[in-house]
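A closer look at the structure
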Amino acid sequence: MTALAAGRRRSVADFDIKEVVVHGALAALVISFIAAIGMLEELDNRILITPVLSLGYLTIAWAPFLFGYRASHEKTIEGVEPPTKGLRDIVVGGVVGLVAGLIVSSFGWLAQTMDLTGVFIHTGERMQSALLFGKSPAVGFLLMVLFSVTLGVFGGALHVIRPRIRSLVAVSVGTTLVFALFEADVKQLFKGLRIEGLGKIVYAPAGGLTVVTAVAVTAIVVLIKIYGKGRGPTATYQRIKKHHKNLTPEIRKRNNWFWTAAGIGAYLVIPQILGRSLSETAVNIGLFIILGIGLNIVVGQAGMLDLGYVAFFAVGAYGIAMLTSPFRPAQWIPQLDFWVALPIVIIVAAFVGILVGTPVIRMRGDYLAIVTLGFGEITQKLFLSDWWKPVVGGAQGITNVPSVTIGPIEFAGANSKMVFYLVAVLVGGTFLVSQRLEHSRVGRSWAALREDEQIAEATGINTVTSKLLAFLIGAVIAALAGALFAAKVGSVFPSSFKLLVSLIILVVIIVGGLGSLRGVAIGSVVLIGLLGGPTLPGLLREFGRFKLLIYGIILIYMMLKRPEGLLPNVTRARELHHDELKQDDWLNKVSDVDGESGVTA
């Protein structure tokens, strides 16, 4: 490890012990909570690196590491010489780990001596054994302390090494863990690329990377990072972009044809490489992208909080099922082909959008959210009611919904590779329509509405029409996704359209970036792709039982640290930060007034 540029030197003991203990206690709280809810024991069976690391221990290892890093981190103040990084930072990380290890060991001992299963049902023998590494209490106690101290030391040591080496370590270790974590998916990719034998070399027969292959993957990534500098995807893209600008119009036109053909080729080949399982995940991501684009128009662009968005999704799914299924409860409704039924469903969804939008058009903020929430709940209860059972089937729903066909080509739901092609086209279509709308006169009126409705009305914008249009377009896009969902799954039930679906779509666009189409895509990939939807599995299948907990943690973190989302819309991000500055100004004024009042008194 090499010290950074010389600065203000400090002794090893120059730190705030109270702050360090608090960080250690927080790390212990996180580890104890993960163990108490059963995550540690459940994920301990999933081996990442044989025989040294399981997924269960990975879920607790990050806590002392992160809090050790944070405790030794110091803000750089402008004009003040930064302190020299060195042994003091490592000691701080070690103390954080020591405190965390002592508290967690005490929790393990407490769980052994007292019956805590009345409060946390997973604090039984399996949790105690996992928390003490399957050893006797004394040995397990020492191992937990050593485990936490080691990770805390590594966390503090990150401040001591150069940024370049730090980046190298982070990328190489992170890539190795990704290889271990997504073992089944990597094997599937190897199979799709016709190099299935490589999977048997990389992974152990019982599962997980071996120590040798883990070191080899890390070393390969390090070599790529060192010798591939300036040749990565971003640098290559920038070079191609710069080269493209310098070409003549004729050559550009020819190159555009080439890239279009390459794109079509990739579109045809990708599902064959991904295989059935990964294609299914990609299809689920695509469905949520379509839903996210629709809700993004209402919430992100027009600024109206809609918590009943799932109702339009249900209208589309039930509409296509009622018109196409041979087993539809209302046999007096003519059975139609999917492509004939789809325009009817879209018209009905547009009508429902106007029907819902008209009475709530003067409502704003929380009131609008509550009303739309009620609409979503009422819709689900209607589909469950006995009154509508002769038409929609009640709790039994409607089954045998036919698949989508185009001529002789059938996009059967069981064949996720074929459904991928259909969903990819619809994602591209809705993406293009939404992008054109955003930069049109309508999109600008939505932006004005979102910023200030009264000013928008004063400038001549018909706010009623703009709001209704946002509701209508959002409803149509949701219905389109619902129709596709029904044809893919082959059946519809009221339980598929709970309030939770609306909330998950909202979380997707908040995490991705409100008002940003790229944000909707990245939010869907990160949340739906990794964790899965309300009832759909993601790539991290092991976390299925803890999915909603992780959703909540991600949402809280994003609201506190990055409210504009991962890939925000530039205008929306400026609005958010402007609102924060206004709030800070108001708080400062309030504190000044209170201070003056106190002086006067």
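About the thresholds
- Residues numbered from 1 in each chain as written.
- Predicted model: local features only at pLDDT ≥ 70, side-chain atom pairs only at ≥ 80, totals over all residues.
- Heavy atoms only, no water.
- Helix = DSSP H or I, 4+ residues; strand = E, 2+ residues; numbered from the N terminus.
- Rg over C-alpha atoms; globule rule 2.2 N^0.38 Å.
- Buried < 20%, exposed > 50% of the residue type's maximum accessible area, 1.4 Å probe, protein only.
- Phe/Tyr/Trp six-rings, centres within 6.5 Å; stacked < 30°, edge-to-face > 60°.
- Axes fitted to C-alpha atoms, helices over the stretch in contact; angles between N-to-C directions.
- Parallel < 35°, antiparallel > 145°, perpendicular 65-115°, else oblique.
- Left-handed = near helix turned anticlockwise from the far one by under 90°.
- Contact = heavy atoms within 4.5 Å.
- Nonpolar A, V, L, I, M, F, W, Y, C, P; charged D, E, K, R; others polar.
- Expected span 1.5 Å × (residues − 1).
- Arc of directions from axis to C-beta.
- Patch = residues over 30% accessible without salt bridge, like charges linked within 9 Å, V, L, I, M, F, W, Y side chains within 5 Å.
- Areas by Shrake-Rupley, 256 points an atom, 1.4 Å probe, with all protein chains shown as cover.
- Salt bridge = Lys/Arg side-chain N within 4 Å of Asp/Glu carboxyl O.
- Pairing = 2+ DSSP bridges.
- pLDDT = per-residue confidence, 0-100.

Take the overall build of the protein next. Tallying secondary structure elements over the protein gives 24 helices and five strands in all. For the protein, whose C-alpha radius of gyration is 28 Å, the value lies close to the compact-globule estimate of 25 Å for 601 residues. Along the first, second and third principal axes, the C-alpha set of the protein runs to 80 × 80 × 70 Å. Looking at the protein as a whole, 44% of its 601 residues are labelled buried.

The final tally for this structure, using the stated rule, is 16 aromatic pairs. An angle of 70 degrees between the planes, with centres 5.3 Å apart, marks the rings of Tyr 267 and Tyr 421 as edge-to-face. Here Tyr 421 lies in helix H17 (residues 416–438) and Tyr 267 lies in helix H12 (residues 249–301), a separation of 154 residues in the sequence. Look at Tyr 309 and Phe 312: their rings are 6.2 Å apart centre to centre, the planes differ by 70 degrees, and that puts the pair in the edge-to-face class. Site record: aromatic cluster; members linked through ring pairs are Phe 313, Tyr 318, Phe 383, Trp 387, Trp 388, Phe 485 and Phe 497.

All right, on to the packing of helix H7 (residues 163–181) against helix H10 (residues 211–227) then. Closest axis-to-axis distance for the H7/H10 pair is 9 Å, and the angle between their directions is 135 degrees. The orientation of H7 with respect to H10, classified from their angle, is oblique. In terms of crossing hand, the pair formed by H7 and H10 is right-handed. Counting all contacts with H7, which are made through Arg 164, Ser 167, Leu 168, Val 171, Ser 172, Thr 175, Thr 176 and Phe 179, the residues of H10 involved are Ala 214, Val 217, Thr 218, Val 221, Val 222, Lys 225 and Ile 226. Class assignment of the residues belonging to the contact of H7 with H10 gives a composition of eight nonpolar, five polar and two charged.

Bringing helix H15 (residues 365–384) into the picture now. The end-to-end C-alpha separation of H15 is 29 Å, in line with the 28 Å expected for 20 residues at 1.5 Å each. Of the residues making up H15, those classed as buried are Leu 368, Ala 369, Thr 372, Phe 375, Gly 376, Thr 379, Gln 380 and Phe 383. Within H15, the buried residues cover an arc of 125 degrees as seen down the axis, which keeps them to one side. Among the exposed residues of H15, those pointing more than 90 degrees away from its buried face are Asp 366, Tyr 367, Ile 370 and Ile 378. Where the residues of H15 are buried, they touch helix H13 (310–324), helix H14 (338–357), helix H16 (389–392) and helix H20 (463–489).

Together, Leu 193, Ile 195, Leu 198 and Ile 201 make up an exposed nonpolar region whose accessible area comes to about 360 Å². Position of Ile 201 relative to the elements: it lies in helix H9 (residues 196–202).

Sheet topology places strand S1 (residues 47–50) next to strand S2 (residues 53–54); two bridges connect them, and they run antiparallel. Bridging from a neighbouring strand, Ile 47 pairs with Ser 54 of S2.

Spatially, the three strands line up as an open sheet ordered S2-S1-S3, and their pairing is mixed. Only two strands of the sheet have a single partner each, and these edge strands are S2 and strand S3 (209–210). Sheet topology places S1 next to S3; two bridges connect them, and they run parallel. Bridge pairing links Ile 49 to Leu 209 in S3.

As a further point, take unusual backbone geometry. Cis rather than trans, the peptide bond between Thr 50 and Pro 51 has omega equal to -5 degrees. Turning to its location among the elements, Pro 51 is positioned in the loop between S1 and S2. In this structure, Phe 133 is a non-glycine residue whose phi angle is positive, near 60 degrees. The topology assignment puts Phe 133 in the loop between helix H5 (125–131) and helix H6 (137–157).

The next thing to look at is the confidence of the model for the protein. Keep in mind that low pLDDT regions are not for reading the predicted coordinates in detail. Per-residue pLDDT for the protein has a mean of 86; in total, 94% of the residues score no lower than 70. Predicted confidence is poor over residues 1–5, with pLDDT under 50, and the contacts of this stretch with residues over four places away or in other chains come to 15 contacts.

Turning our eyes to something else, we now look at the pattern of salt bridges. Summed over the entire model, instances satisfying the criterion amount to nine salt bridges. Here Asp 89 ties to Arg 88 by a salt bridge, and the two come within 3.4 Å at their closest N and O atoms. Given the relative accessible area of 0%, Asp 89 is considered buried. In this structure, the salt-bridge partner of Lys 488 is Glu 280, at a minimum N-O distance of 2.8 Å. One end of the pair, Lys 488, is in helix H20; the other, Glu 280, is in helix H12, with 208 residues separating them in the sequence.

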